[in-house]
Amino acid sequence: MKKTWTAPVATCVGAATLFTSGFSIALADNDVELTVDGQTTHAHQLGGTVADLLNAHGIALGEHDALNTSLDTRITDGQQVSVNYGRPVNVTIDGAENSLWTTSTSLDDVLDSLGVADDARISIDRSTRIEREGITVTAVTPKHVTLVADGQDRTMVSTDETVADLLASNGITLGERDRVSADVSTPLTEGMRVQVQRVTVQDVKTTETIAHDTKKTEDDSLDSGTEKVTKEGKDGSKDVEYEVVMVDGVEESRTTKSEKVASEPVTEEVAVGTKKSSSAKSSSAGGSTGSTDGLDLSNAAMWDRIAACESTGNWSINSGNGYYGGLQFDNQTWLGAGGGQYAPRADQATREQQITIANKVYAQRGLSPWGCASAA
């Protein structure tokens, strides 16, 4: 505890003499070097402790302040007493918050102690002095990033903090529908790839075909295996409006907004013969294998087996793949072997006529033209 003296005080050069109750105590006038946060002054202290010295200069130490000696150290002449006040520092590095106390007044020293390199982007100058009230600073370290936008791939070293900052520093403005591979508030990280997709929506009007149907009706006045178009079919048309989504110039999707029929399709009507020819009756009755009425029905059983494989035995089939009839003739083979004398296409000829032409092809090329030759 600091003592208070009420007796008169006499002074002389280099010493003081205190009188009380008939006794005298001589106190030395000590020259003390007092440094506070790097600022040094010379103080004169008549004895006492370091605590007395600090009290005399109005210096109160807090929890985070630093003193180079203990408070109860006795003052001596030439003594050096150093006080450094604690300062709160809040540093956010790449989005990570760091709170600490320091007795340093140099922001640069604090950043160095935290491993923040000189090429990092700092929110305030590194040479800024840290005052007693403390300081708040943001640091962003350089990162290798790739930015893909508008047909360009750009690889760069960036000290931008977020994706939004990266886009802004590269002059990229986002449209209302544009997409970014990461939320714009996302902090940049090392090796990050940010992709911008330009999205546009447009209305497209077009006219489309409505395919006509085909209706087949059995007709016992026509030979079995033959067909006759009794009413020509005709495709219709409709006007359609689409909403088309384009991403970087490529169509991603389209949604129908409206459609209106411009012309109705006309159904094609086809008569399908069911009348059995005399040759067919002869074949079913006795299985004739010779030539009848100019038709060659030899190997008929073999051709029936092949037809069962090629067309499930449908001698009037038009499958739409360029092959026709029970034995699946293409038109070149059919006409080349003389099939045109019976019908323009094999599916329009009778079973017996198709077998007759098949026997001609067989005589020239064997079974090689038929994929189902193994059924023979």
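Description of the structure in this document. (Residues numbered from 1 in each chain as written. Predicted model: local features only at pLDDT ≥ 70, side-chain atom pairs only at ≥ 80, totals over all residues. Heavy atoms only, no water.)

**A few points about the environment of Thr73**
(1) Moving on: Inspection of the secondary structure puts Thr73 in the loop between strand E5 (66–67) and strand E6 (80–84).
(2) Moving on: Separated by 21 residues in the primary sequence, Thr73 and Asp52 place their C-alpha atoms 9.8 Å from one another.
(3) Moving on: Excluding its chain neighbours within four sequence positions, the residues that come into contact with Thr73 are Gly48, Thr49, Val50 and Gln79. (Helix = DSSP H or I, 4+ residues; strand = E, 2+ residues; numbered from the N terminus. Contact = heavy atoms within 4.5 Å.)

**What to know about helix H7 (residues 351–365)**
(1) Moving on: Between its first and last C-alpha, H7 extends 20 Å over 15 residues, near the 21 Å set by a 1.5 Å rise per residue.
(2) Moving on: For H7, every residue scored as buried is listed here: Arg351, Glu352, Gln353, Gln354, Ile355, Thr356, Ile357, Ala358, Asn359 and Val361. (Expected span 1.5 Å × (residues − 1). Buried < 20%, exposed > 50% of the residue type's maximum accessible area, 1.4 Å probe, protein only.)

**Brief notes about the nonpolar core**
(1) Moving on: By size, the foremost hydrophobic cluster in this structure holds 22 residues, and its most contacted members are Trp303, Ile306, Leu327, Phe329 and Trp370.
(2) Moving on: Those elements giving two or more residues to this core turn out to be helix H5 (300–311) and H7.
(3) Moving on: For this core, the element with the most residues is H5, which contributes five residues.
(4) Moving on: Every residue in contact with Leu327, bar those within four places of it in the chain, is listed here: Trp303, Ile306, Ala307, Trp315, Gln354, Ala358 and Trp370. (Core = buried A, V, L, I, M, F, W, Y, C linked by side-chain atoms within 4.5 Å.)

**Concerning unusual backbone geometry**
(1) Moving on: The phi dihedral of Asn299 is positive, around 65°, even though this residue is not glycine.
(2) Moving on: Under the relative-accessibility criterion, Asn299 is labelled partly exposed at 34%.
(3) Moving on: Although it is not a glycine, Thr312 adopts a positive phi angle of roughly 55°.
(4) Moving on: Structurally, Thr312 can be placed in the loop between H5 and helix H6 (331–336).
(5) Moving on: Take Thr312: its relative accessible area is 71%, and that puts it in the exposed class.

**Some thoughts on H5**
(1) Moving on: Spanning twelve residues, H5 covers 16 Å between terminal C-alpha atoms, matching the ideal 16 Å at 1.5 Å per step.
(2) Moving on: Every buried residue belonging to H5 is among Ala300, Met302, Trp303, Ile306, Ala307 and Ser311, and all of these are buried. Down the axis, H5 shows its buried residues gathered within 145° of arc, on one side only.
(3) Moving on: Where H5 ends, the next residue or the one after it, Thr312, has phi of about 55°, a positive value. (Arc of directions from axis to C-beta.)

**Looking at the sheet that holds strand E12 (residues 152–158)**
(1) Moving on: Reading across the sheet, the four strands line up as E12-E11-E14-E13 and stay open at both edges, with mixed pairing between neighbours. Each edge of the sheet is formed by a strand with only one pairing partner; in this case those strands are E12 and strand E13 (179–180).
(2) Moving on: When E13 meets strand E14 (residues 193–197), the two strands line up antiparallel, connected through two bridges. Bridge pairing in E14 links Arg179 to Gln197. (Pairing = 2+ DSSP bridges.)

**As for the state of the cysteines**
(1) Moving on: Scanning the model with the defined rule gives one disulfide in all.
(2) Moving on: A disulfide bridge connects Cys309 with Cys372, and the sulfur atoms are separated by 2.0 Å. Every disulfide takes its handedness from the sign of the S-S torsion; for Cys309 and Cys372 that torsion is -60°, giving left-handed. Here the residue Cys309 occupies a position in helix H5, and Cys372 occupies one in the segment after H7, the gap between them amounting to 63 residues. (Disulfide = S-S within 2.5 Å.)

**So, empty space enclosed by the protein**
(1) Moving on: Enumeration according to the criterion identifies two cavities of 30 Å³ or more in this entry.
(2) Moving on: Roughly 60 Å³ of volume is contained in the largest cavity.
(3) Moving on: Contributing to the lining of the largest cavity are Asp94, Gly95, Val140, Lys143, Asp160, Glu161, Pro187 and Leu188.
(4) Moving on: Tallied by class, residues from the lining of the largest cavity come to three nonpolar, one polar and four charged.
(5) Moving on: Mapped onto the domain boundaries, the lining of the largest cavity takes at least three residues apiece from domain 2 (87–140) and domain 3 (143–197). (1 Å grid on protein atoms, 1.4 Å probe; cavity = no way out; pocket = protein on both sides within 12 Å on 5 of 7 lines; lining within 4 Å. Points joined across faces, edges and corners; volume = space filled by probe spheres on them. Nonpolar A, V, L, I, M, F, W, Y, C, P; charged D, E, K, R; others polar. Domains from an automatic or database assignment.)

**Things to note about the environment of Asn68**
(1) Moving on: Inspection of the secondary structure puts Asn68 in the loop between E5 and E6.
(2) Moving on: You can call Asn68 partly exposed: its relative accessible area is 47%.
(3) Moving on: In this structure the side chain of Asn68 is engaged in a polar contact, spanning 3.2 Å, whose partner is the backbone oxygen of Gln80. (Polar contact = N/O pair within 3.5 Å; in protein donor to acceptor, adjacent residues only side chain to side chain.)

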